[in-house]
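So you can see what is in the structure, the chains are spelled out below.
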Amino acid sequence: MRLYIKYMVSLRCKMMVKEELKKLGIRYTVLDLGMVEIFEEITDRQREQLKINLLKSGLELMDDKKSILIEKIKNVIIEMIHYSDELPKTNHSEYISNKLGYDYTYLANIFSEVKGITIQQFIIIHKIERVKELILYDELNLTEISYKLNYSSVAYLSNQFKRITGLSPSFYKQLKGKRSGNLENV
C-alpha cells in the first residue's frame, strides 16, 4: 500500500516521516520524496494519527488523486533539479512523462489547472533556485553552473535569472559577499 505525503521535499522531511511511522508502529519498504510504501493496510485510527502528526510537522497526508499526481510531478522535478548530479539529457516533458507513466499533455493540463502555472514555469523557478544555491556555494563559476543545469548558454541563464529574480547573477553574488561581510562586522 502506498501513502502520499504533500510538502515532503527534503531529506529532513523524510527523517520526520520515518520517525512518525516508527512511533505508530507502521512498517514500510520504501520511503521516497512524497511517497511511502507500507507493508500492510493501516487502521483508520493509525491513518488519522499519522495525518495529525504529519500536520504538526508541516506535512500533509493526501487522499485526493489529483493532489497526489500534482505532488508526484513536483517531486520528480525537485528531485531532478535539486538532488541529481546531472539533469537528464532528454527534454523535461519526456523525462517527467516516462518517470510517472502518464502522457505529458495530461500531466501538464492537470498541473496548470491546479497550480495556476505551467510545469515549465515550475521547472524554471526551481532551476533558478538551484542557480542561487550554487552561486552561494561559490564552488562553480557561471559557465559551469549553466552547463550543469543544461542551459544552452551563460547568456540564456543570466537572462532567465534576471527575469525571475530581478537581479543579474553577478549582482546576486555581490549581495552575498556584502551580507557575509556585514555579519563579520557584528
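Everything quoted here is computed from the prediction, not taken from an experiment.

Rules of the game
- The residue numbering used here restarts from 1 in each chain and proceeds along that chain's sequence as written.
- Given that the model is predicted, a residue must reach a pLDDT of at least 70 before its local features are reported, and side-chain atom pairs must reach 80 or more before they are shown or counted; all residues, however, enter totals for whole chains, interfaces and linings.
- In computing side-chain values, all of the structure's heavy atoms are included and hydrogens and water are not.
- In DSSP terms, a helix is any run of H or I states spanning at least four residues, a strand is any run of E spanning at least two, and both are numbered starting from the N terminus.
- Using a 1.4 Å probe on the protein chains alone, a residue whose accessible area is under 20% of its type maximum counts as buried, one over 50% counts as exposed, and one in between counts as partly exposed.
- Here, a strand pair is defined by DSSP locating no fewer than two bridges between the strands.
- Interaxial angle, 0 to 180 degrees, is taken between N-to-C directions of lines fitted to C-alpha atoms, where a helix line uses only the stretch in contact.
- Any angle from 65 to 115 degrees is called roughly perpendicular, while one under 35 is roughly parallel, one over 145 is roughly antiparallel, and all others are oblique.
- Contact definition: two residues touch when any of their heavy atoms are within 4.5 Å.
- Any residue that is not Ala, Val, Leu, Ile, Met, Phe, Trp, Tyr, Cys, Pro, Asp, Glu, Lys or Arg is counted as polar, Gly included; the first ten are nonpolar and the last four charged.
- Using only the protein atoms, space was sampled on a 1 Å grid; points where a 1.4 Å probe fits but cannot get out form cavities, open sets with protein on both sides within 12 Å along at least five of seven lines form pockets, and lining residues are those with an atom within 4 Å of a point.
- Grid points are joined across faces, edges and corners, and a volume is the space filled by probe spheres set on the points.

Novice: I tried to follow unusual backbone geometry on my own but got confused; where do I start?
Specialist: Backbone geometry follows two general trends: most residues other than glycine have a negative phi, and most peptide bonds adopt the trans configuration. Despite not being glycine, Asp138 has its phi angle at roughly 60°, a positive value. Checked against the element boundaries, Asp138 lands in the loop between helix 6 (119-137) and helix 7 (142-148). By relative accessible area, which is 42% here, Asp138 ends up partly exposed. Residue Asn150 is not a glycine yet carries a positive backbone phi of 60°. Along the chain, Asn150 falls in the loop between helix 7 and helix 8 (154-165). Given the relative accessible area of 32%, Asn150 is considered partly exposed.

Novice: Help me out: how do you make sense of the sheet that holds strand 3 (residues 35-38) in this one?
Specialist: Whether parallel or antiparallel, the strands of a sheet pair through hydrogen bonds between backbone atoms. Reading across from one edge, 2-3-1-4 is the order of the four strands in this open sheet, with antiparallel pairing throughout. Among the strands making up the open sheet, the edge pair consists of strand 2 (28-32) and strand 4 (60-62). Looking at each pair of strands side by side, their axes are set apart by 25° on average, direction ignored. Where strand 1 (residues 2-6) meets strand 4, three bridges bridge the pair, whose relative direction is antiparallel. When the sheet's bridge partners are listed, Lys6 is paired in strand 4 with Glu60.

Novice: Explain the packing of helix 3 (residues 65-82) against helix 5 (residues 104-115) here, please?
Specialist: Two numbers describe how helix 3 lies on helix 5: the axes approach to 10 Å, and their chain directions differ by 105°. Accordingly, the angle class assigned to the pair helix 3 and helix 5 is roughly perpendicular. Across the interface between the two elements, Lys66, Leu69, Ile70, Ile73 and Lys74 from helix 3 touch Tyr106, Leu107, Ile110, Phe111, Glu113, Val114 and Lys115 from helix 5. In the contact of helix 3 with helix 5, the residues fall into eight nonpolar, no polar and four charged.

Novice: What exactly am I supposed to notice about the layout of surface pockets here?
Specialist: Over the atoms rolls a probe the size of a water molecule, and in doing so it shows where empty space is left. By volume, the largest pocket amounts to about 320 Å³. Forming the boundary of the largest pocket are 14 residues, of which Asp32, Leu33, Lys72, Val76 and Leu100 lie nearest the centre. Here the element with the most residues in the lining of the largest pocket is helix 3; it accounts for five residues. For the lining of the largest pocket, the per-class residue count stands at six nonpolar, two polar and six charged.

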